[in-house]
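Each chain, written out:
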Amino acid sequence: AQTVTQSQPEMSVQEAETVTLSCTYDTSESDYYLFWYKQPPSRQMILVIRQEAYKQQNATENRFSVNFQKAAKSFSLKISDSQLGDAAMYFCALGSSNTGKLIFGQGTTLQVKP
Amino acid sequence: DAEITQSPRHKITETGRQVTLACHQTWNHNNMFWYRQDLGHGLRLIHYSYGVQDTNKGEVSDGYSVSRSNTEDLPLTLESAASSQTSVYFCASSELRGAEAFFGQGTRLTVV
């Protein structure tokens, strides 16, 4: 079975500082994808970043980057220069290349302090 | 622009009633999914479909059903609503191999 675990229910960061959200996963598949989604109070699910498991290079999208450790099955999200608009719940998700199913973690609520 | 829409956005229903939540996508995606979101559990997969006439059970499918008669729609039916089914429900669609999923705005369902 595929599982995703986010062990930090809540995190806080000072505006302009850097924060890292943790995610671990488990899968028996060799071909899969990993995602971070952001859910602001509006409830809309927004894709932040995507990583293909076969790529060794860590994905980066502007202030957002990941640390993908395939052997450790770890996929953390780093947010640099945090902004007030980054305050949201963040979900880590594991996608199967065979089935297309997305399995989500429990979520981490990020608070950004001015 | 292509989109995925859910209706209604909010619904209150009584225990024992049948409820149907609508999901319509114009992405022309074959894959469609229904999730429920509950505090402490993240999003849990209820049912999913790979195409017309195809439906599959997810990890929390008891008490729910879906049908896929065309590419665009995947309605979710609660056969006999229970208070444990009070939740926020999300519909999503994606291409098959690892592409991002596109989500609807969610439906907040309250069963009283």
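Residues numbered from 1 in each chain as written. Chains lettered and ligands numbered in written order. Predicted model: local features only at pLDDT ≥ 70, side-chain atom pairs only at ≥ 80, totals over all residues. Heavy atoms only, no water.

### Description of the overall build of chain A
So, point 1. If you tally the helices and strands in chain A, you get zero helices and twelve strands.
So, point 2. Taken over C-alpha atoms, the radius of gyration comes to 14 Å for chain A, in line with the 13 Å a tight globule of 114 residues would show.
So, point 3. Each of the 114 residues in chain A was classed as buried or not, and the buried ones make up 51%.
So, point 4. The long-range share in chain A, meaning contacts at least 24 apart out of those at least 6 apart in sequence, stands at 55%.
So, point 5. Of the roughly 5400 Å² of accessible surface on chain A, a fraction of 45% belongs to carbon and sulfur atoms.
So, point 6. If you average the places of the 10 positive and of the 10 negative side-chain charges in chain A, the two averages end up 4 Å apart. (Helix = DSSP H or I, 4+ residues; strand = E, 2+ residues; numbered from the N terminus. Rg over C-alpha atoms; globule rule 2.2 N^0.38 Å. Buried < 20%, exposed > 50% of the residue type's maximum accessible area, 1.4 Å probe, protein only. Contact = heavy atoms within 4.5 Å. Areas by Shrake-Rupley, 256 points an atom, 1.4 Å probe, with all protein chains shown as cover. Lys, Arg positive; Asp, Glu negative; His and termini not counted. Charge placed at Lys NZ, Arg CZ, Asp CG, Glu CD.)

### Considerations on the nonpolar core
Side chains of nonpolar character tend, in soluble globular proteins, to be buried together.
So, point 1. Counting 26 residues, the largest nonpolar core has Y25, W36, F75, L77 and Y90 of chain A as its most contacted members.
So, point 2. For this core, the secondary structure elements donating two or more residues are β3 (19-21), β5 (32-39), β6 (46-52), β8 (64-69), β9 (74-79), β10 (88-96) and β12 (108-113) of chain A.
So, point 3. At four residues, the largest contribution of residues to this core is made by β10 of chain A.
So, point 4. Counting 19 residues, the second-largest nonpolar core is a separate cluster that includes L102 of chain A together with F33, Y35 and V88 of chain B. (Core = buried A, V, L, I, M, F, W, Y, C linked by side-chain atoms within 4.5 Å.)

### What about the state of the cysteines?
Residues and elements named next belong to chain A.
So, point 1. Under the criterion given, the structure shown has two disulfides over all chains.
So, point 2. Shown here is the disulfide that connects C23 with C92, its sulfur atoms set 2.0 Å apart. One quick way to see it: the torsion about the S-S bond of C23 and C92 is about -70 degrees, and its sign makes the bridge left-handed. Remark: C92 occurs in strand β10 and C23 occurs in the loop between β3 and β4 (24-26); sequence separation between them is 69 residues.
So, point 3. Exposure remark for C23: the relative accessible area of 1% places this residue in the buried category.
So, point 4. By relative accessible area, which is 0% here, C92 ends up buried. (Disulfide = S-S within 2.5 Å.)

### Let's talk about the pattern of salt bridges
Residue and element names in this part refer to chain A.
So, point 1. In the structure shown here, the tally under the stated rule is seven salt bridges over all chains.
So, point 2. When the shortest N-O distance is used, the salt bridge between K73 and D26 registers 3.0 Å. With a gap of 47 residues between them, K73 in the loop between β8 and β9 and D26 in strand β4 connect regions that are remote in the sequence.
So, point 3. A salt bridge links R50 to E52; the nearest nitrogen and oxygen atoms lie 3.1 Å apart. (Salt bridge = Lys/Arg side-chain N within 4 Å of Asp/Glu carboxyl O.)

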